[in-house]
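An overview of the molecular structure
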Amino acid sequence: MMKIKSLDKALRRKIAAGEVIERPSSVLKELLENSLDAKSETISVSLVDGGISAIVISDDGEGMDRGDLELCTRRYTTSKIETEADLNAIETLGFRGEALASIAEVSRMQVTSCPRGDREAHELVVVGGEEQEPIPAARAPGTTVKVRDLFFNLPARRRFLKSARSESFHANRVLQRLALTKPGVGWSLKHGQRTVLTAPAVKTLTDRVAQIYGAKTARRLIAIEAEQDGIAVSGLISRPDLKRGNRRDQILCVNGRPIEDRGLSYILASAYKGMLRPGTFPIALIQINLPSEWVDANIHPRKREVRFADAKAVQAVMSRALQTALSSQYVVPSMAGVRSSAREQEASYGAAPLKFALRRRLEVSHVAREEEKTNVHGDRRVIGQLQNTYLLVEGPDGLEIFDQHIAHERILYEGLKEQWEHGEISRQQFLLPVRIELPFEQAERLAGDKEKLQRVGIVLEEFGGGTFLLREYPSALTEGQSRYGFQRPIEQIVDLLAEGDELKEKLFDHLLATLACSAAIKAGDHLPLEQQQGLVERLMNLDNPYTCPHGRPIIFSIPRAELDRKFKRA
Ligand code: ADP
Ligand code: MG
């Protein structure tokens, strides 16, 4: 008996659909690409439950007539290519004629469309791949696609969808990426009744960046440009003093198609080598344009990658564009400027209050010690700072070396943790609220997570357009912080919250640790001697001062006996 069987048509179609459509955001991506291919000027999106219950996209593009509607949801029907030769020079985002078919297969879909310059609209309904006759409808030129109950007939897939919140983040990202590659198109996005993004058409990429990431970020990007032998590279990249904790804000676009490419990512990372700390990444919005015959767009099921006829040539042009921009006089003096002004800020907002605070604590701990008499960890005298990073300390058994950042982080973390366990993190109110500007995607997340932030002592008020007013912050962490120092921890917290699904009860611990880390004294910070002493005493008063909760050692010691041995004294 043969073991190989031919699958029936319905099953084949479902398998094929699964290759293209993974989750609501993949539906969104395909539909947006269709609207762009139809030369739309404005595209509006509305999602219900992060797209799980419904995704609705309306455009003002060239539309479809009754005959087109009838064909559009069938597999391998497309208006974008006709012959095999066309595959060698793809100029549209779609070309396989499989997206609408795949989506229709696994949802309840409704397409309403009216061709440009026409008055007659029609509507097509397809349920789980079963299409009905198009019927007359009312609509201005353009197309509306409604996709409801994704994977209703593919329970295995549906079970793997994440929460509505989590799916919304993916969808936001898809829209954000496309919006950043097409400034000339106007976009809007709603989650349920809430409008979360309105970005009308603008002339320049900088204007688009301002709409998406905020004006402050837009001002801190620099333009890149280079061209050679028909390969043109242009775009915006961040100055080295503006960075992100992940690669999400890097968009490479080849002939208008956002793609991923290891070779080009490597070129980008190399250009910033030595300018950014490990684990931080630049913002980069890069457009590469070259004759379409030099790119194969038909190599990836979700069209996420392309193949270049001459990848080396493309890399060389991009590399030159980056080098020129990053070494221009524009970057160098402003870097220097940024550095010195950061110091001044430290000086005016930072060092003084911290010193004062520590001195106050020091007195308190002296008093405490007088009462307790015995200090279990023994007395310690700070000798001084080594390269503004380590504290050299005379301890009961010899020399001890403290990592000043880890020590301070540990003190702050334990303090927060104790308050947390007692029910509430004490907060300090700002007289003047601190403005925090977030890209819309993060702003969205934050708006939904206000309550969790409040639990860790952060009170923010939504101001609109991605701006928030920071009203209160954990009081243990405000001393010595400049007003500019709150932006980054809040960004980190928002990112952590996005992964909240996975972290569960560990989440708050992570949040507290992140806050403590960002507020702690850094390696390289110069500290006056009494502040060094204060730090050591506060650390030694903790239950277990020797290692941080994640196992990193805080204190390294060289006992007197070992020194004696080294000097052949023993
Ligand atoms: P592809 O984009 O690869 O051609 P799709 O299945 O995504 O395949 O779409 C099939 C066809 O439906 C497209 O080629 C296009 O002619 C038409 N179409 C889809 N969406 C739209 C839209 N928003 N406006 C106009 N035409 C559309
Ligand atoms: Mg398509």
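To keep things clear, this report deals only with the structure shown in the data block. (Residues numbered from 1 in each chain as written. Chains lettered and ligands numbered in written order. Predicted model: local features only at pLDDT ≥ 70, side-chain atom pairs only at ≥ 80, totals over all residues. Heavy atoms only, no water.)

1. Some words on the overall build of the protein
The secondary structure content of the protein amounts to 19 helices and 23 strands. Taken over 570 residues, the protein has a buried fraction of 48%. For the protein, restricting intrachain contacts to residue pairs at least 6 apart in sequence, the fraction spanning at least 24 positions comes to 70%. Surface exposure of the protein reaches about 29100 Å², of which carbon and sulfur atoms provide 52%. (Helix = DSSP H or I, 4+ residues; strand = E, 2+ residues; numbered from the N terminus. Buried < 20%, exposed > 50% of the residue type's maximum accessible area, 1.4 Å probe, protein only. Contact = heavy atoms within 4.5 Å. Areas by Shrake-Rupley, 256 points an atom, 1.4 Å probe, with all protein chains shown as cover.)

2. Here's the deal with helix α13 (residues 440-448)
Judged by how many residues are buried, α13 sits mostly within the fold: eight of nine residues are covered. When we look at burial in α13, the residues that qualify are F440, E441, Q442, A443, E444, R445, L446 and A447.

3. Here's the deal with the site of ligand 1
Taken together, 19 residues form the shell around ligand 1, and within it N34, T78, S79, K80 and G97 come nearest. A distance of 2.6 Å separates an oxygen atom of ligand 1 from a polar atom in the side chain of T78. Note that an oxygen atom of ligand 1 is positioned 2.8 Å from one of the backbone N or O atoms of G97. Contact with the protein chains covers 92% of the free accessible surface of ligand 1, which is 530 Å². When contributions to the shell around ligand 1 are tallied by element, the ones reaching two or more residues are α2 (24-37) and α4 (99-105). A class-by-class count of the residues in the shell around ligand 1 yields six nonpolar, nine polar and four charged. (Near = heavy atom within 4 Å. Polar contact = N/O pair within 3.5 Å; in protein donor to acceptor, adjacent residues only side chain to side chain. Nonpolar A, V, L, I, M, F, W, Y, C, P; charged D, E, K, R; others polar.)

4. Here's the deal with the sheet that holds strand β10 (residues 221-228)
Judged by pairing direction, the sheet is mixed, and its five strands sit side by side in the order β10-β11-β14-β12-β13 without closing on themselves. Single-partner strands in this sheet number two, and they are β10 and β13 (257-259). Put simply, the sheet's adjacent strands are angled 20 degrees from each other on average, direction ignored. Here strand β11 (residues 231-238) pairs with strand β14 (residues 284-289) via six bridges, running antiparallel. (Pairing = 2+ DSSP bridges. Axes fitted to C-alpha atoms, helices over the stretch in contact; angles between N-to-C directions.)

5. Section: unusual backbone geometry
Positive phi values are uncommon outside glycine, yet D49 reaches one of about 55 degrees. Among the secondary structure elements, D49 is positioned in the loop between β1 (42-48) and β2 (54-59).

6. Focus: the nonpolar core
With 56 residues, the main nonpolar core has L31, L32, V45, W187 and V209 as its most contacted residues. The biggest single contributor to this core is helix α6 (residues 164-181), with six residues. (Core = buried A, V, L, I, M, F, W, Y, C linked by side-chain atoms within 4.5 Å.)

7. Examining the packing of aromatic side chains
For the structure shown, the criterion picks out three aromatic pairs. Ring centres of F430 and F486 lie 5.3 Å apart, and the angle between their planes is 70 degrees; this geometry places the pair in the edge-to-face category. Linking F430 in strand β20 (residues 427-437) with F486 in the loop between β22 (467-474) and α15 (487-498), this pair joins segments that are 56 residues apart in sequence. Here F430 and F486 have matching classes, each one buried. A connected cluster of aromatic rings, assembled from ring pairs, spans F430, Y473 and F486. Above the plane of the ring of F169 lies R445, whose end atom (NZ or CZ) is 4.9 Å from the centre. Looking at R455, its charged tip hangs above the ring of F508, at a distance of 4.4 Å from the centre. (Phe/Tyr/Trp six-rings, centres within 6.5 Å; stacked < 30°, edge-to-face > 60°. Lys NZ or Arg CZ within 6 Å of the ring centre and 35° of its normal.)

8. Here we look at a negative patch on the surface
A surface patch of negative charge is lined by D65, D68, D118 and E120. Note on placement: D65 falls in the loop between β2 and α3 (66-72). (Patch = residues over 30% accessible without salt bridge, like charges linked within 9 Å, V, L, I, M, F, W, Y side chains within 5 Å. Salt bridge = Lys/Arg side-chain N within 4 Å of Asp/Glu carboxyl O. Lys, Arg positive; Asp, Glu negative; His and termini not counted. Charge placed at Lys NZ, Arg CZ, Asp CG, Glu CD.)

9. A look at the sheet that holds strand β18 (residues 390-395)
Within the open sheet, the four strands sit side by side as β17-β18-β19-β23. Their pairing is antiparallel. The open sheet has two free edges, formed respectively by β17 (381-386) and β23 (555-559), since each of these has just one partner strand. Looking at each pair of strands side by side, their axes are set apart by 25 degrees on average, direction ignored. Pairing geometry for β18 and strand β19 (residues 398-403), over six bridges, is antiparallel. Bridging from a neighbouring strand, Y390 pairs with D403 of β19. Against the sheet, helix α12 (residues 404-421) engages β17, β18 and β19, with an angle of about 70 degrees to β19. On the sheet, helix α18 (residues 529-540) packs against β17, β18, β19 and β23 and is oriented at approximately 115 degrees with respect to β17.

10. So, the packing of α6 against α13
Where α6 contacts α13, the two axes come as close as 10 Å, and the packing angle between them is 160 degrees. Here α13 runs roughly antiparallel to α6, going by the angle between their axes. In the packing of α6 onto α13, the handedness of the crossing is right-handed. Facing α6, whose interface residues are R165, F169, N172, R173 and Q176, α13 presents F440, E441, E444, R445 and G448. Counted by class, the contact of α6 with α13 contains two nonpolar, three polar and five charged residues. (Parallel < 35°, antiparallel > 145°, perpendicular 65-115°, else oblique. Left-handed = near helix turned anticlockwise from the far one by under 90°.)

11. As for the pattern of salt bridges
Tallied over the entire structure, the rule returns 33 salt bridges. Among the salt bridges present, the one from E131 reaches R74, with a minimum N-O distance of 3.1 Å. Taken together, the residues span a long stretch of sequence, with E131 in strand β5 (residues 130-131) and R74 in the loop between α3 and α4 at a distance of 57 residues. By relative accessible area, E131 is classed as partly exposed at 31%. The closest approach of N and O atoms between R220 and D241, which form a salt bridge, is 3.4 Å. You can see R220 sitting in the loop between α8 (215-219) and β10 and its partner D241 sitting in the loop between β11 and β12 (250-254), a full 21 residues away along the chain. R220 sits in the partly exposed class, given a relative accessible area of 28%. Judged by its relative accessible area of 18%, D241 is buried.

The quantities given are spatial measurements derived from coordinates; they are silent on function.
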